Amino acid sequence: EAQVTQNPRYLITVTGKKLTVTCSQNMNHEYMSWYRQDPGLGLRQIYYSMNVEVTDKGDVPEGYKVSRKEKRNFPLILESPSPNQTSLYFCASSPVKVGDEQFFGPGTRLTVL
Amino acid sequence: SQQGEEDPQALSIQEGENATMNCSYKTSINNLQWYRQNSGRGLVHLILIRSNEREKHSGRLRVTLDTSKKSSSLLITASRAADTASYFCAAFWNNDMRFGAGTRLTVKP
């Protein structure tokens, strides 16, 4: 089944404890991105990647890191999480180019205490 | 900052009625997309309309685009209880995809 998977789906952690949220797609998509969703703010893009080893900042990159070593994987790293990073996170991928329809993962609900 | 802004923020209708949601954006666009999200779950792509298109249909969905007014509308005809969800527009321009805050649609059986 063609899909975008994220792990973990739920995570409660404490301030300063490094964490990684994994994202993987099995559709051979070139483009991948990370968003966070907060009430009343819609989705805001954190980082995106147009291909392996090519990443770029979105709207709200502060406090996050990403890497794209393989086409299928695009992990989101929070080196030192803070409570303002408590949010619902979505990974998404697109077939060929930026601006194609995006396929979203199921989301990761992160709480930073 | 948000590129797309949906209106209304919330809409409640009876099953069988039509639902219209509007989206306004601020800059030029390459395309505008509409997505649906069931509570707390991932977004699902509904329809994409390019900047040189004015109207597009997909099943019970009709999307219009007015680039002179920088606005788009999504019409869902003959709504069903299963259409209850949040609907987001996303404006794409120059490698940048920006979502609005969404319209929460409730369809009462």
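Up top you'll find the structure we're talking about.
Model, not experiment: these values are computed from the prediction.

Visitor: Explain the interface of chain B and chain A here, please?
Guide: How big an interface is tends to be stated in terms of the accessible area lost upon association of its parts. Between chain B and chain A, the residue contacts involve 21 residues of the former and 20 residues of the latter. Among the residues chain B hides against chain A, the three largest losses belong to B:Leu43, B:Asn95 and B:Phe99. Together they make up 30% of the total. On the surface where chain B and chain A come into contact, there are 1 salt bridge. A salt bridge links A:Asp59 to B:Arg98; its shortest N-O distance comes to 2.9 Å. Our enumeration of links across chain B and chain A arrives at 3 residue pairs in polar contact (both at pLDDT 80 or more). The set of elements that each furnish at least two residues to the side of chain B that touches chain A consists of β4 (31-37), β5 (43-50), β9 (85-93) and β10 (96-99) of chain B. Among the residues making up the side of chain B that touches chain A, the classes are represented as 8 nonpolar, 10 polar and 3 charged.

Visitor: Where do I start with the packing of aromatic side chains in this structure?
Guide: A ring pair, where both rings are aromatic, is described by two values, the distance of the centres and the angle of the planes. Inspection of every chain in the model, using the stated rule, returns 8 aromatic pairs over all chains. Ring centres 5.3 Å apart and planes at 85° place the aromatic pair A:Tyr35 and B:Phe99 in the edge-to-face group. Within this pair, whereas A:Tyr35 is found in strand β4 (residues 31-38), its partner B:Phe99 is found in strand β10, the two belonging to separate chains. Of the two residues, A:Tyr35 and B:Phe99, both sit in the buried class.

Reading the values: the criteria
- Residues numbered from 1 in each chain as written.
- Chains lettered and ligands numbered in written order.
- Predicted model: local features only at pLDDT ≥ 70, side-chain atom pairs only at ≥ 80, totals over all residues.
- Heavy atoms only, no water.
- Contact = heavy atoms within 4.5 Å.
- Buried area = accessible area lost by both parts, 1.4 Å probe.
- Salt bridge = Lys/Arg side-chain N within 4 Å of Asp/Glu carboxyl O.
- Polar contact = N/O pair within 3.5 Å; in protein donor to acceptor, adjacent residues only side chain to side chain.
- Helix = DSSP H or I, 4+ residues; strand = E, 2+ residues; numbered from the N terminus.
- Nonpolar A, V, L, I, M, F, W, Y, C, P; charged D, E, K, R; others polar.
- Phe/Tyr/Trp six-rings, centres within 6.5 Å; stacked < 30°, edge-to-face > 60°.
- Buried < 20%, exposed > 50% of the residue type's maximum accessible area, 1.4 Å probe, protein only.

Function cannot be read off these values alone, since they describe shape.
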